[in-house]
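Structure assessment
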Amino acid sequence: MTLFWIDPARRQQKTYTDLLQDLDRKTELKKYIYHKDPYRVFVDLITGFANGSEVHLLDADFSQSEIKNLGIPFSELEQEQPVSVKNLSDFPALLKRLEENHSVSQVVIYTSGTTGRPKKVIHTLRSLARTAKTGNKFADDVWGFAYNPTHFAGIQVFLQAFLNQNPLINIFELSGGDLLEAFIKHKITNISATPTFYRRLLTNLRTPLLRVRRCTLGGEKFDPTLEGALRQIFPNAVIRNIYASTEAGSLFHSENDIFQIEESQKAHIRISPEGELLVHRDLLGSFDSQDLQDGWYHSGDLVDKIGENRFRFVSRKSEMINVGGYKVNPHEVEEEIKKVSGVLDARVSARANRVTGNILMAEVVKGERIEDELLEDRILARLQERLQNFKIPRIVRFVPELQLTRSGKKERL
Amino acid sequence: MEDKLLSIINRMIEKKNGKIINSLNGNASLMHDLNFDSFDLAELTVRIEDEFGVDIFEDGFVRTVSEILEKIQ
């Protein structure tokens, strides 16, 4: 009885046999996967893969207005298609079924677009599984699951574990003693997470976790101080820094902040004269975007070239703000703030910190005489109703007029 | 100084509709006792930096209220 999914916060434990039985029972599949329970997300995702369907992944905490902004009519949310994953004798039979459909099964992931319009990125199972490694070497891996299951990184970790029939332990929502207990009780060997998650882990742990043999960081800027702290807590682990994006998947990995363009990638990766990392469309999921020029995707990441084939990330060209691994479009937040009664204008910028990389700060110009705290509460109440938690500014400042730039540098405060 | 830190923490608790605290307990863990998540810790570090000019996470990980007080004193 190989374990598939353990979710301590939901007191859930599923084996691969349970998974096959749950798949067997599926007769309908909604086009939009929109569940709070990650296990249900995975069951629906595998059902889609096994039927060669197209499924759309929505974050469980999307509000109605965020879904509307994605251009999804509410009537479509309940739309179902008939499916069947019946009579699969065992796990290899399921894998065979997925393999048969891997170039037609599609997953649509929504990501913040640079223009304020959300972007739909479509990946086939084949492109999603491109970087998954399988074989005897991975047979004993036990994965700590520390991403949102509807995001690209979450699907990557899920597939890496699933394709090797490894257990996944959902540690994403745990903290304190529960987090430590999950590592020890379930003998977690592999973990992939954002620097923000690792910092949370480090504020909770003091004793080294000797079983962890692979620790991957991704989604945010490399932080050498954090890497040093992780080496102490995971003394037996290989620590890797990974570069991936929703559009392109995993592209590079490194043991520090310098990435290498491999021989096999040379035809598909370029650095523009102004230092922007460009990725050829052959490596991408499909999307309708002005970010694609002459077949090259302009990543928005500015890099320093080191020698012929190596580079280091310097900064982002776009206005997107990375908050703990989540990309936020400041325009989307500004638009919501400006709808609050009593607000004349608003600007949202990044405020750097060592816990989540950035948090959002809003400068607000009042449109009426009102106490600061009252208007702040009014703004927060509206945003909490309409936006995901990470998009809500943590600092609200009332200013007589807005600054001209959005650099978010501290000296502007 | 302690009063100012208490008022920063209480305003943050208030925004989360939590129960405000009357005094600072040095042993209180930021994550377990005050129920702060990563975004709360990030906000706290920024507010402390603005008020006291100290980045409390500059040279390691801060876990308790007394560890903050040590840094800002």
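Refer to the structure presented above.
So, a few notes on the structure that sits alongside this text. On a predicted model such as this, the values are computed, not experimentally measured, just so you know.

As for the overall build of chain B
When helices and strands are counted, chain B shows three helices and zero strands. Walking chain B from its N terminus toward its C terminus, one meets helices and strands in the order α-α-α. Here the C-alpha radius of gyration of chain B, 11 Å, is about what a compact globule of 73 residues would show, namely 11 Å. Seen along its three principal axes, the alpha-carbon backbone of chain B occupies a region of about 30 × 25 × 20 Å. Looking at chain B as a whole, 53% of its 73 residues are labelled buried. Taking the contacts inside chain B whose residues are at least 6 apart along the sequence as the reference set, 49% of them involve residues at least 24 apart. Summed over its atoms, the accessible surface of chain B is roughly 3,500 Å², and 41% of this surface lies on carbon and sulfur atoms. Between the mean site of the 8 positive side-chain charges and the mean site of the 15 negative ones, chain B shows a separation of 6 Å.

Description of the overall build of chain A
Counting its secondary structure elements, chain A contains twelve helices and 25 strands. The C-alpha atoms of chain A give 22 Å as radius of gyration, which agrees with the globular expectation for 413 residues (22 Å, within 12%). Along the longest, intermediate and shortest principal axes, the C-alpha atoms of chain A span 70 × 55 × 50 Å. Looking at chain A as a whole, 54% of its 413 residues are labelled buried. Residue pairs at least 24 apart in sequence account for 64% of intrachain contacts in chain A once pairs closer than 6 positions are excluded. For chain A, the exposed area adds up to about 18,900 Å²; of that, 46% sits on carbon and sulfur atoms.

Comments concerning the interface of chain B and chain A
As a measure of interface size, the accessible area lost when the parts come together is often cited. The partner chain A presents 33 residues to the 24 residues of chain B that form the contact. For chain B, the biggest contributors to the area lost against chain A are F39, F61 and R63 of chain B; these three give 28% of the whole. R351 of chain A is the partner of D50 of chain B in a salt bridge, and the nearest nitrogen-oxygen pair spans 3.0 Å. At the junction of chain B with chain A, the criterion picks out ten residue pairs in polar contact (both at pLDDT 80 or more). Put simply, the parts of the chain that give the side of chain B that touches chain A at least two residues each are α1 (2-15) and α2 (38-52) of chain B.

Thresholds applied
Residues numbered from 1 in each chain as written. Chains lettered and ligands numbered in written order. Predicted model: local features only at pLDDT ≥ 70, side-chain atom pairs only at ≥ 80, totals over all residues. Heavy atoms only, no water. Helix = DSSP H or I, 4+ residues; strand = E, 2+ residues; numbered from the N terminus. Rg over C-alpha atoms; globule rule 2.2 N^0.38 Å. Buried < 20%, exposed > 50% of the residue type's maximum accessible area, 1.4 Å probe, protein only. Contact = heavy atoms within 4.5 Å. Areas by Shrake-Rupley, 256 points an atom, 1.4 Å probe, with all protein chains shown as cover. Lys, Arg positive; Asp, Glu negative; His and termini not counted. Charge placed at Lys NZ, Arg CZ, Asp CG, Glu CD. Buried area = accessible area lost by both parts, 1.4 Å probe. Salt bridge = Lys/Arg side-chain N within 4 Å of Asp/Glu carboxyl O. Polar contact = N/O pair within 3.5 Å; in protein donor to acceptor, adjacent residues only side chain to side chain.

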